[in-house]
Amino acid sequence: MNDYVKKDLKYIWHPCAQAKDYDDFKPIVIEKGEGVWLYDIDGNRYLDCISSWWTNTLGHSNKRINEAIKRQVDNVEHVIFADFSNKPAIELAEKLVEITPDKLTKIFFSDNGSSAVEIALKMSFHYNMQMGNPRKKRFVTLSGAYHGETLGALSVCDIDKYNEVYKPLLLETLRVEGPDCYRCKYGLQREVCNAECFENMEKCLTENNEEISAVIVEPMVQGAAGMRIYSPIYLKKLRELCDKYNIHLIADEIAMGFGRTGKMFACNHAEISPDFMCLSKGISAGYMPMSAVMTTDKIYNCFYGDYKELKTFIHSHTYTGNAMACAIGVENLKIFEEDNIIKNNIKKGELIKKLTLEKAEASKHVGDVRSIGMITAIELVKDKKTKETYPWQMRVGYEIYRIALKKGLLLRPMGNVLYFIPPYVINEDDIKFMVNTCFESIEEYYKRTVDIM
Ligand SMILES: *Cc1c(COP(=O)(O)O)cnc(C)c1O
């Protein structure tokens, strides 16, 4: 075994992984990245079609971003953000206010996605306290929601795998059965429905609005639930109802912001302006930990006053407004504009979808292909007719992931859902390799496991 691997196993506790898996499958040590490709210390390469956990926008080791970091590090790397500021943070703030929905005029920086969610929840509650509504302290979340894994963020998650053990520690939230278009209970197609499933939300908000501070959603796509895509009509209805009942709408755009869905922000599909928008992942092009919460003048102004009135939002993370991360964010957005990233993505996304659909039709195991912008997901099922799924203990996705790695493709399935969410610099040849290799791996898995099925 390579020395690095040995030391890795000796010292490091990896996230979202069971160490026992490493008994026969060692962590892969990456030495270099270039565009969509990652190179390990043994000289193997892997196409990073999941953008290293949905963060990378413009490819690994992007020349322009690298230059931006080098320029910034020679000026200043980091500076305290209370009472102080820095040029890149100010430039990024101005740009984000310009490109996010209308009512979002103020930005609060932080350093990871979960923290951004915590900040939005706390600000919403704190606002209501100040407005004389201390009863408004509950949060509404959708089935299948994922918003991060610190205790507050985990409270508004609805994925057992992440929160089951910690339930005794979590806030009590209101869970609403949300959209699930592949297994639609109304038997409707996403493209033509009127978000009939919104009736569950309507019922919840009508009955509990006096206690509700905010509804939090992942707009358009519930990522960790298996890239569940839903209708923008749902978001339009939600915006209206939140307004009616004085409830904040928190849009968690941490995964879907910065062009993933074919528009700059997922909220743009529904033309809504949330009260809070959480941003992270793509905000710093996948280079550095960074996040932000955007909010409105109305909320910001409510916090203006004296310390003794409890008006101050005392929440800080040490690396808030980090100058290097902000410099990356500024360059990232410049490249988006100058290289017409969103427009070019639409063509790439369509090609990925087309090739995936062709392959899926020929496969006995693919129940659903869902796609939006630069995301295409494949759901494997036991039975296409009944849409019956596999028990998670079978680890179907995980086994396919291991097969694909040997072929040079880095997938990171969620249960039985495989998906592509590649860096935007992916080219046509890479797209073909990605789709073909994924399906080869699926077929190989089924050939191998035919006995136990
Ligand atoms: C990744 C993610 C988070 C959490 O971000 P971290 O930086 O991992 O804490 C929250 N919400 C969504 C939708 C995400 O995809």
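Calculation rules
- Residues numbered from 1 in each chain as written.
- Predicted model: local features only at pLDDT ≥ 70, side-chain atom pairs only at ≥ 80, totals over all residues.
- Heavy atoms only, no water.
- Domains from an automatic or database assignment.
- UniProt positions renumbered as here; feature names shortened; annotations may be inferred.
- Helix = DSSP H or I, 4+ residues; strand = E, 2+ residues; numbered from the N terminus.
- Buried < 20%, exposed > 50% of the residue type's maximum accessible area, 1.4 Å probe, protein only.
- Contact = heavy atoms within 4.5 Å.
- Patch = residues over 30% accessible without salt bridge, like charges linked within 9 Å, V, L, I, M, F, W, Y side chains within 5 Å.
- Areas by Shrake-Rupley, 256 points an atom, 1.4 Å probe, with all protein chains shown as cover.
- Salt bridge = Lys/Arg side-chain N within 4 Å of Asp/Glu carboxyl O.
- Near = heavy atom within 4 Å.
- Polar contact = N/O pair within 3.5 Å; in protein donor to acceptor, adjacent residues only side chain to side chain.
- Nonpolar A, V, L, I, M, F, W, Y, C, P; charged D, E, K, R; others polar.
- Phe/Tyr/Trp six-rings, centres within 6.5 Å; stacked < 30°, edge-to-face > 60°.
- Pairing = 2+ DSSP bridges.
- Axes fitted to C-alpha atoms, helices over the stretch in contact; angles between N-to-C directions.
- Left-handed = near helix turned anticlockwise from the far one by under 90°.

Right, let's talk about the domain arrangement of the protein chain for a bit. Many descriptions give the size of an interface as the accessible area lost when the pieces come together. Partitioning the protein chain into domains gives domain 1 (1-49), domain 2 (66-338) and domain 3 (341-363 + 427-453). One C-alpha centre belongs to domain 1, the other to domain 2, and the line joining them spans 32 Å.

Let us look at the UniProt feature "binding site: substrate" (unreviewed entry) in the protein chain. According to UniProt, the feature "binding site: substrate" (unreviewed entry) maps to Trp53, Tyr146, Lys281, Ser316 and Arg412 in the numbering used here. Look at the named residues: they lie 360 residues apart in sequence, and the longest C-alpha span between them is 32.6 Å, so in the fold they stay spread out. Along the chain, tryptophan 53 turns up in helix H2 (residues 51-54). Take tryptophan 53: its relative accessible area is 41%, and that puts it in the partly exposed class. Aside from chain neighbours lying at most four places away, what touches tryptophan 53 is Pro15, Cys16, Lys281 and Arg412. Note on serine 316: relative accessible area 63%, which makes it exposed.

With that settled, the discussion passes to the side chain of serine 124. Among the structural elements, serine 124 can be located in helix H5 (residues 113-130). Taking the relative accessible area as the measure of exposure, serine 124 reaches 0% and is therefore buried.

Together, Leu151, Val165, Tyr166 and Leu169 give the surface a local cluster of nonpolar side chains, amounting to about 420 Å² of exposed area. Tracing the sequence through the fold places tyrosine 166 in the loop between helix H7 (160-163) and strand E6 (174-176).

Moving on to the site of the ligand. If you check the shell around the ligand, you find Trp54, Asn112, Gly113, Ser114, Tyr146, His147, Gly148, Glu218, Asp252, Ile254, Ala255 and Lys281 and nothing else. A distance of 2.7 Å separates a nitrogen atom of the ligand from a polar atom in the side chain of aspartate 252. At a separation of 2.6 Å, an oxygen atom of the ligand approaches a polar side-chain atom of lysine 281. Protein contacts shield 82% of the accessible area of the ligand, which totals 380 Å² for the unbound molecule. Looking at the shell around the ligand residue by residue, the class counts come to four nonpolar, five polar and three charged.

If you walk through the whole model with that rule in mind, you get 14 aromatic pairs. Ring plane angle 80 degrees and centroid distance 6.2 Å describe the contact between phenylalanine 25 and tyrosine 401, whose orientation is recorded as edge-to-face. Of the two residues, phenylalanine 25 sits in the loop between helix H1 (3-11) and strand E1 (30-34) while tyrosine 401 sits in helix H13 (residues 396-406), which places them 376 residues apart along the sequence. Side by side, phenylalanine 25 and tyrosine 401 carry an identical accessibility label, which is buried. Here the aromatic residues Phe25, Tyr398 and Tyr401 are joined through ring pairs into a cluster of three or more.

Under the criterion given, the structure shown has 31 salt bridges. The shortest N-O distance in the salt bridge between lysine 106 and aspartate 297 comes to 3.6 Å. Separated by 191 residues along the polypeptide, lysine 106 in strand E4 (residues 106-110) and aspartate 297 in helix H10 (residues 297-302) bring together distant segments of the chain. The exposure class assigned to aspartate 297 is partly exposed, which follows from its relative accessible area of 35%. When the shortest N-O distance is used, the salt bridge between lysine 308 and aspartate 306 registers 3.6 Å. Taking relative accessible area as the criterion, lysine 308 reaches 73% and is therefore assigned exposed.

Pairing is mixed across the open sheet formed by four strands, whose spatial order is E1-E2-E3-E15. Of all the strands in the sheet, just E1 and strand E15 (409-410) have a single pairing partner and so form its edges. Sheet analysis places E1 next to strand E2 (residues 37-40), joined by four bridges and oriented antiparallel. Along E2, the bridge assignment pairs isoleucine 30 with aspartate 40.

This brings us to the pairing of strand E12 (residues 291-295). The element E12 is largely enclosed, with a buried count of five among its five residues. Across the two faces of E12 the burial is the same, with Ser291, Val293 and Thr295 and Ala292 and Met294 all buried. Strand direction decides the pairing type here: E4 and E12, joined by five bridges, are antiparallel. Considered in E12, the bridge of phenylalanine 109 is made with alanine 292. For strand E11 (residues 276-279) and E12, the ladder comprises four bridges, and the chain directions are antiparallel. Paired with methionine 277 across the strands is methionine 294, a residue of E12.

Next up on the list: the packing of helix H3 (residues 63-75) against helix H11 (residues 323-338). The contact between H3 and H11 brings their axes to 9 Å, and the two run at 145 degrees. Relative to H11, H3 is oriented so that their crossing is right-handed. Contact residues: H3 offers Arg64, Ile65, Ala68, Ile69, Arg71, Gln72 and Val73, while H11 offers Ala323, Met324, Ala327, Ile328, Glu331, Asn332, Lys334, Ile335 and Glu338. For the contact of H3 with H11, the residue count by class is nine nonpolar, two polar and five charged.

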